[in-house]
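# Coordinate inspection notes
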Amino acid sequence: MGELKIHLSNKEMHLALIEIINQINNSDWTPDLILSVNRGGCVPGVYLSHMIQVPHKVVDVQLRDAQNHPNLEVLESGIKSYSNILIIDDINDTGATFNFIKMNTMVSGNKIKYACLIDNRSSDFIVDFSGKQIDKSKNPCWIVFPWERGVIPSERK
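Residues numbered from 1 in each chain as written. Predicted model: local features only at pLDDT ≥ 70, side-chain atom pairs only at ≥ 80, totals over all residues. Heavy atoms only, no water.

## As for the pattern of salt bridges
- Scanning the model with the defined rule gives 1 salt bridge in all.
- Note that Lys136 is salt-bridged to Asp93, the shortest N-O span being 3.0 Å. One end of the pair, Lys136, is in the loop between strand S6 (129-134) and strand S7 (141-144); the other, Asp93, is in the loop between strand S4 (85-92) and helix H4 (96-103), and 43 residues separate them in sequence.
- Owing to a relative accessible area of 14%, Lys136 belongs among the buried residues under this scheme. (Salt bridge = Lys/Arg side-chain N within 4 Å of Asp/Glu carboxyl O. Helix = DSSP H or I, 4+ residues; strand = E, 2+ residues; numbered from the N terminus. Buried < 20%, exposed > 50% of the residue type's maximum accessible area, 1.4 Å probe, protein only.)

Here it is, written out as structure tokens:
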């Protein structure tokens, strides 16, 4: 039997983004650029960009596909042009993507913060802001996001 699949609805995604915004508002830090991790972070990144009126760009880090080579040029140019950068992805699953970005970016202080819709507590990376937490060490599951292949949006309310 395969992993349990949990389908995140559009409403749950929206509520997770509201939670991230609340966490940012309750911190002493505000982003002036949002960088979405391609591909999973693009939808939440664009929504968040519109919700808090902050520019948005995409950083290309796809570690699962050996054919793709991570490209951090957008991040490097963002570091030169912006004071506070929020990097967002759909899920902080193992922490590999966020760890890769952090290890390949020479920045000190609070210039870069990390956010995700779903944060796996057993991940090797601790994000700054998250919409919802799960623990895959206790409940192994696969999160299916509304924009992923094979999912037909049924919530048009």
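## Some points on the nonpolar core
- Ile20, Leu48, Leu117, Ile118 and Ile143 are the most contacted members of the largest nonpolar core, which totals 22 residues.
- Counting only elements with at least two residues in this core, the list comes to helix H1 (10-25), S4, strand S5 (112-120), S6 and S7.
- When residues in this core are grouped by element, the largest group, 6 residues, is from H1.
- For Ile20, the residues in contact, after removing those within four places along its chain, are Leu48, Ile88, Ala115, Cys116, Leu117, Phe129, Ser130 and Gly131.
- In this structure, Val61, Ile87, Ile112 and Cys116 belong to the second largest nonpolar core, which totals 16 residues. (Core = buried A, V, L, I, M, F, W, Y, C linked by side-chain atoms within 4.5 Å. Contact = heavy atoms within 4.5 Å.)

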